[in-house]
Amino acid sequence: MSTPSRSDPEPRPWATWLLGALLLGFHGVTSLWAPQVGLPASEALLRARLRWFRQLIGGQHRRFLDAGEWERLLTSVWVHADLLHLGLNTLAIVVVGSLLERFVGPARVLTGFVVCGVLASLASYLLGPNVSDGASGAAFGLLGMTIAHGFVHRASLDPHDRSVVLRWLPGFVVLNLVLSVVLPFVDIVAHAGGLVA
């Protein structure tokens, strides 16, 4: 697929915005459902979600996958621990996905999100902690796709896009991987798994 120049009219990144809306919507809908299991909706929406609730709505835990619940490799991508976790992942996906969608189109962004998210979850299951939720592996996957596309098509990128994709994004990835190692609550395996995927 050819890379458009910055002078071309840019289509709206509808697939990226759809992913952001689905992430936020999942959090909201599961919060509204929370009273059915004895958790106030406001607590499920605004506070850190307890592990049992995250697992109830599709979160990943090694014991569930060991029991054959492989769908959790995908469902856990939509589950977030709190609003900060949700907000950072959604922001990353919207920012990077909007750029990537301009390069490769909506179908590849949607496919990349799902495939990278599932493979990040699988990497976490095989090599990471017992519990791993969230879309950060998928976000790292979109970052990797953007950098790979930029490298392959660097000659056709305008100078601004080339600088963003080949200079700033790799630095951002390195910084985030370092933070993933330093912060004990971050799943470095899922991040690296999504990036490699």
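In the block above lies the structure referred to throughout.
Rules of the game
- Position labels on residues start from 1 in each chain and follow its written sequence.
- Selection of residues for local features in this predicted model requires a pLDDT of at least 70, selection of side-chain atom pairs for listing and counting requires 80 or more, and totals for whole chains, interfaces and linings are taken over all residues.
- The side-chain values count all of the structure's non-hydrogen atoms but skip hydrogen atoms and water molecules.
- Only DSSP runs of H or I reaching four residues or more are called helices, and only runs of E reaching two or more are called strands; each is numbered from the N terminus.
- We take the radius of gyration over the C-alpha atoms and set the globule estimate at 2.2 Å times the residue count to the 0.38 power.
- The classification of residues rests on relative accessible area computed with a 1.4 Å probe and restricted to protein chains. Under 20% of the type maximum is buried, over 50% is exposed, and intermediate values are partly exposed.
- By the convention used here, residues are in contact when the closest approach between their heavy atoms is within 4.5 Å.
- Only the protein chains shown count as cover for residues, and all accessible areas are computed by the Shrake-Rupley method using a 1.4 Å probe.
- Within this scheme, the nonpolar core is defined by two criteria: the residues are buried Ala, Val, Leu, Ile, Met, Phe, Trp, Tyr or Cys, and they are joined through side-chain atoms within 4.5 Å.
- Whenever a helix is involved, its axis is fitted only over the stretch in contact; in every case the axis is a line through C-alpha atoms, and angles between N-to-C directions fall within 0 to 180 degrees.
- Orientation labels follow simple angle bins: below 35 degrees gives roughly parallel, above 145 gives roughly antiparallel, 65 to 115 gives roughly perpendicular, and whatever is left gives oblique.
- Each crossing gets its hand from how the near helix is turned against the far one by less than a right angle, where anticlockwise is left-handed and clockwise is right-handed.
- Residue type decides the class: Asp, Glu, Lys and Arg count as charged, Ala, Val, Leu, Ile, Met, Phe, Trp, Tyr, Cys and Pro as nonpolar, and the leftover types, Gly among them, as polar.
- Only Phe, Tyr and Trp rings take part, Trp by its six-membered ring, and two of them pair if their centres are within 6.5 Å. Stacked means planes under 30 degrees apart, edge-to-face means over 60, and tilted covers everything else.
- Over a ring means this: the NZ of a Lys or the CZ of an Arg is within 6 Å of the ring centre and within 35 degrees of the ring normal.

Chemist: Which parts of the structure should I look at to understand the overall build of the chain?
Modeler: Of regular secondary structure, the chain possesses 10 helices and 2 strands. Shown N-terminal to C-terminal, the secondary structure of the chain runs as helices and strands in the order α-α-α-β-α-α-α-α-β-α-α-α. In terms of overall dimensions, the chain is globule-like: its C-alpha atoms have a radius of gyration of 17 Å, near the 16 Å expected for 197 residues. Its C-alpha atoms put the chain at 55 × 30 × 30 Å along the principal axes. Counting all 197 residues of the chain, 44% fall into the buried class. Across the chain, contacts joining residues at least 24 apart in sequence account for 70% of those joining residues at least 6 apart. Summed over its atoms, the accessible surface of the chain is roughly 10100 Å², and 70% of this surface lies on carbon and sulfur atoms.

Chemist: Sorry, what's going on with the nonpolar core here?
Modeler: Where a protein is soluble and globular, its nonpolar side chains tend to be buried together. Ile93 and Phe113 are the most contacted members of the largest nonpolar core, which totals 24 residues. For this core, the secondary structure elements donating two or more residues are α1 (14–33), α5 (72–78), α6 (83–104), α7 (106–127), α8 (136–152) and α9 (159–182). Ranked by residues supplied to this core, first place goes to α6 with 7 residues. What Ile93 contacts, discounting residues up to four positions off in sequence, is Thr16, Leu19, Leu23, Ser98, Phe113, Ala135, Ala139 and Leu142. Counting residues in hydrophobic clusters, the runner-up holds 6 residues, among them Ala34, Ala44, Phe53 and Ile57.

Chemist: What should I look at first to understand the packing of α6 against α7 in this one?
Modeler: In a packed pair of helices, the relevant descriptors are the angle between the two axes and the axis-to-axis distance. Where α6 meets α7, the closest approach of the two axes is 8 Å, and the angle between their N-to-C directions is 135°. Classified by the angle their axes make, α6 and α7 are oblique. The handedness of the crossing between α6 and α7 is right-handed. Of the residues in α7, those touching α6 at Ile93, Gly97, Leu100, Glu101 and Val104 are Pro106, Arg108, Val109 and Phe113. The class makeup of the residues in the contact of α6 with α7 is 6 nonpolar, 1 polar and 2 charged.

Chemist: How do you make sense of the environment of Gly144 when you look at a structure like this?
Modeler: Inspection of the secondary structure assignment puts Gly144 in helix α8. Spatially, the C-alpha atom of Gly144 lies 22 Å from that of Val79, the residues being 65 residues apart in sequence.

Chemist: I tried to follow the side chain of Gln55 on my own but got confused; where do I start?
Modeler: Within the secondary structure layout, Gln55 lies in helix α3 (residues 51–56). Assessed through its relative accessible area of 8%, Gln55 is described here as buried. The contacts of Gln55, once residues within four sequence positions are left out, are His61, Arg63, Phe64, Arg72 and Val131.

Chemist: Help me out: how do you make sense of the packing of α1 against α7 in this one?
Modeler: Where α1 meets α7, the axes come as close as 8 Å, and the angle between the chain directions of the two elements is 35°. Residues Trp14, Ala15, Thr16 and Leu19 of α1 form the contact with α7, whose participating residues are Pro106, Val109, Leu110 and Phe113. Grouping the constituent residues of the contact of α1 with α7 by class yields 7 nonpolar, 1 polar and no charged.

Chemist: It is not clear to me how the packing of aromatic side chains should be interpreted in this structure. Could you clarify?
Modeler: Each aromatic ring pair is specified by the distance between its two centres and by the angle formed by the two planes. One pass over the full model with this rule turns up 4 aromatic pairs. Here Trp52 and Phe53 contribute two aromatic rings whose centre-to-centre distance is 6.0 Å and whose plane-to-plane angle is 80°, an arrangement assigned as edge-to-face. Here Trp52 falls in the partly exposed class, since its relative accessible area comes to 40%. Judged by its relative accessible area of 0%, Phe53 falls in the buried class. Ring pairing ties together the aromatic residues Trp33, Trp52 and Phe53, which thus form one cluster. The lysine or arginine in question, Arg72, covers the ring of Phe64, its NZ or CZ lying 4.0 Å from the ring centre. The side chain of Arg154 reaches across the aromatic face of Phe151, ending 4.3 Å from its centre.

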